[in-house]
Amino acid sequence: MKKTLLLFLICILAFTVGHFRHTTPDYWDSYINENLNDWLNEHFNQLERQIEYLEVACRNLNNKKSLTYARKQFKKSRYVYKKLEVITATVDPFNAAWINGPNLPKVEYEKTMSAVSDPEGFQVLEEVLFGEEPHEQRDFILKKISKLKHFISETRSYVMKQNHYDWMVFHCLRMASVRLATMGITGFDCPVTLDALNEAKSTLNAIEEITAMYDGVLYDDREGFNLVKYAVQVGYGLLNESKDFNSLDRARFILEVTDPIFRGVTLMQESLGIEFPEDRITGLSAINPHSKGMFYNDFLKINEFFPQKINKSPTPELISLGKLLFYDPILSDGNQRSCASCHQPQRGFSDGLKTALSLDGMPLSRNTPTLLNVVYQTAFQWDGHLLSLSQQFTEVTFNRHEMNKDALELTRQLNSSEEYRTLFKKALGSEKIDFPMVIAALEAYLISLQSLNSPFDQYMTGKGSVDREVVVGFNLFMGKAKCGTCHFAPIFNGTVPPFYRDTEYEVLGIPQSPVWKNAQIDPDPGRYILAKAEPHLHAFKSVTVRNAHLTGPYMHNGIYTSLDEVIEFYNVGGGHGIGISLPNQTLPTDKLHLTEKEKRALKSFITALTDTAGLTKPVVKLPKLSGE
């Protein structure tokens, strides 16, 4: 009887402790650390073996048979890496960029200096091994394999030293689902082989195996676990059904696979009572773990793109004040123009001109970009030389060609207005107006210019429908047309997922004339002007495609007046395709071979990204200034 009672009490205690552990937030929990370490070690061992086999195969490159074997071994190696990447790319992004980053020189900037490094990793090997006459570059291949082995060893050493807390594991799984949707199935990670479907299976396999480790610690609440498990199986099915890279229905894959995995992982974390550190610690993640999916307007956290310490959550009063300033010509010399003069709401907050005009009406060198969704980027201006909205406003205000306004004169005029002093007092707590307060108000207004409820967004969130042609266009954008490898979802700009910290700059070979006969490169040096880094000669930021239907003309120099011209420029291979010799062109030079029907579908998708609802109403009355 005593033994029975003691056993009963032990069971009650175990249940109570277990229940407490599963309901008390603790992001230092580590239910699967040991199992995950075993899994990681096993896969690192596999990867190192496969790389050794690849190295041997490449040493013996001398005929078609040996090349076939080497290519096969390359694919096997990357399949293993794509499994490891689910954890390692988030835990150790530095080495991940060297292991499977783009085959482009890496340029690092420090003020007016730059450092250029040669690319390394799988994508370098891919381009050589699957290119012409790889046996003639055997020494180069072996050198790159040696470097690859070094970075794999480095990442193994770093990752295996970490404690794999549950919050981090769940974070890695969510990041993996976003990486799969934005880079995996788009071909970003395998631009030559386009072996994205098989590599996606490896990613799903890793997600499946890692989530299975939680099977024994989840009790009654298994909704998230089952959601992930089912989504993975759906993913396998969609990938197996697809005949080739171009035929995958990527919209369906996101709706039925990656979004459910994202949601399911969060539900698992919640059911285990694991806290979300990214909810309260800025800098951990730009992605909202509680969002339902990539095309919901809360998917990206605005505060992560807004580094200023002031006004993290702009109030309605501050936004309204910023809107008044945006429409007020007081910001320019002689009250000649307002921000809205060049960023016109009815034109998607652009100006409809080939290039912007100076205060005296002379054409400037670059096109006026949209301000819609401007907050979702980490670099500003076409060459990315500004790193915050406050720098953007400051430069434009003082620039003699744009606003040419003196800060002291501006604040003097504002302080002379009783209405403005009252509004600043209400919004920022002080009626003594200074320039940083002006910037804070303008920033708040620009943050409010979020355009994330287009017809396509509504389709992807189950709130509306679109023509089938739009979905076909999205699949082309993310697949055959390769647009999604530079204009990343969901903002479709150059902010690189899944961290959304870095900005992509591309050398497209944009001509100085829309006439392609005897085409010449536009002389604008682009990002090269910052520090004379040769890879960035004629490089420009990848701007958002959202609202592009409203924001023509296009390109940094406004050279194309229609989306049809832009699509055809990409279709022929950019500058290379129209006869411009540009050794550092980053846009693939191969023709896309889009049919006329495909071009129309692509245009339909871009048009379906239009959304200016509630953002275009102008200011009716501006505050009075002294003497008016």
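In this report, we go over the structure that sits alongside the text. Sequence order as written defines the numbering, with residues in each chain counted from 1. Whole-chain, interface and lining totals are the exception, using all residues; otherwise, since this is a predicted model, local features are given only for residues with pLDDT of at least 70 and side-chain atom pairs are given and counted only at 80 or more. The basis for every side-chain value is the complete set of non-hydrogen atoms in the structure, without hydrogens or water.

Focus on the packing of helix H8 (residues 196–212) against helix H9 (residues 223–241)
Every axis in this analysis is a line fitted to C-alpha atoms, fitted for helices over the stretch in contact. Angles between the N-to-C directions lie between 0 and 180 degrees. The numbering of helices and of strands both runs from the N terminus, where a helix is a DSSP run of H or I of at least 4 residues and a strand a run of E of at least 2. Running from amino to carboxyl end, H8 crosses H9 at an angle of 160°, the nearest separation of the two axes being 10 Å. Comparing the axis directions of H8 and H9 gives the class roughly antiparallel. Here H8 and H9 pass one another in a crossing that is left-handed. Seen from H8, the contacting residues are Leu197, Ala200, Lys201, Leu204, Asn205, Ile207, Glu208, Thr211 and Ala212; seen from H9, they are Phe225, Val228, Val232, Gln233, Gly235, Tyr236, Leu239 and Asn240. Gly is placed with the polar residues, together with every amino acid not listed as nonpolar (Ala, Val, Leu, Ile, Met, Phe, Trp, Tyr, Cys and Pro) or charged (Asp, Glu, Lys and Arg). Looking at the contact of H8 with H9 residue by residue, the classes come out as 10 nonpolar, five polar and two charged. The cut-offs work like this: below 35 degrees is roughly parallel, past 145 is roughly antiparallel, 65 to 115 is roughly perpendicular, and the gaps in between are oblique. A crossing counts as left-handed when the near helix is turned anticlockwise from the far one by less than a right angle, and as right-handed when that turn is clockwise. Whether two residues touch is decided by their heavy atoms; if any such pair falls within 4.5 Å, the residues are in contact.

Looking at the nonpolar core
Counting residues in hydrophobic clusters, the biggest one holds 70 residues, and the most contacted among them are Leu36, Leu129, Leu204, Ile210, Tyr214 and Phe253. Considering each element in turn, this core owes the most residues, 10 residues, to helix H3 (residues 64–91). Filtering out sequence-adjacent residues up to four positions away, Tyr214 remains in contact with Tyr31, Ile32, Asp166, Val169, Phe170, Met268 and Leu272. Throughout this description, the term nonpolar core refers to a set of buried Ala, Val, Leu, Ile, Met, Phe, Trp, Tyr and Cys residues connected via side-chain atoms within 4.5 Å. Burial classes: relative accessible area under 20% of the type maximum marks a residue as buried, over 50% as exposed, and values in between as partly exposed (1.4 Å probe, protein chains only). Within the second largest apolar cluster, 63 residues are counted, among which are Ala251, Phe295, Met555 and Ala601.

Observations regarding the pattern of salt bridges
Any Lys or Arg side-chain nitrogen found within 4 Å of a carboxyl oxygen on Asp or Glu counts as a salt bridge. One pass over the full model with this rule turns up 26 salt bridges. For Asp524, the salt bridge goes to Arg366, with nearest N and O atoms at 2.8 Å. Within this pair, whereas Asp524 is found in the loop between strand E3 (505–507) and helix H19 (528–531), its partner Arg366 is found in the loop between helix H12 (339–342) and helix H13 (389–398), the two being separated by 158 residues in sequence. For Arg366, a relative accessible area of 18% corresponds to the buried category. Across the salt bridge formed by Arg412 and Glu409, the nearest N and O atoms sit 2.9 Å from each other. Within this pair, Arg412 and its partner Glu409 are both found in helix H14 (residues 407–415), separated by three residues, close to a single helical turn. Among the charged side chains, a network of salt bridges with common partners joins Glu52, Glu55, Arg59 and Lys149.

Observations concerning the packing of aromatic side chains
By convention, a stacked pair of Phe, Tyr or Trp rings (six-membered ring in the case of Trp) has centres within 6.5 Å and planes under 30 degrees apart, an edge-to-face pair has planes over 60 apart, and any other such pair is tilted. Scanning all chains against the criterion turns up 25 aromatic pairs. Measuring from centroid to centroid gives 4.7 Å for Phe170 and Tyr214, while their planes differ by 25°, and the two rings are stacked. Here Tyr214 lies in the loop between H8 and H9 and Phe170 lies in helix H7 (residues 166–184), a separation of 44 residues in the sequence. Taking 6.2 Å as the distance between ring centres and 40° as the angle between the ring planes, the aromatic pair formed by Phe456 and Tyr459 counts as tilted. With Phe456 and Tyr459 both in helix H17 (residues 455–460) and three residues apart, this pair spans about one turn of that helix. A connected cluster of aromatic rings, assembled from ring pairs, spans Phe295, Phe456, Tyr459, Phe474, Phe477, Phe492 and Phe605. A cation over an aromatic ring shows up here: Lys106 above the ring of Trp98, its NZ or CZ 4.5 Å from the ring centre. Placement of a charge over a ring requires the Lys NZ or Arg CZ to be within 6 Å of the ring centre, with the centre-to-atom vector within 35 degrees of the ring normal. When the ring centre of Phe245 is taken as origin, the NZ or CZ atom of Arg250, which lies over that ring, is 4.5 Å away.

Note that all results are geometric; they support no functional claim without further evidence.
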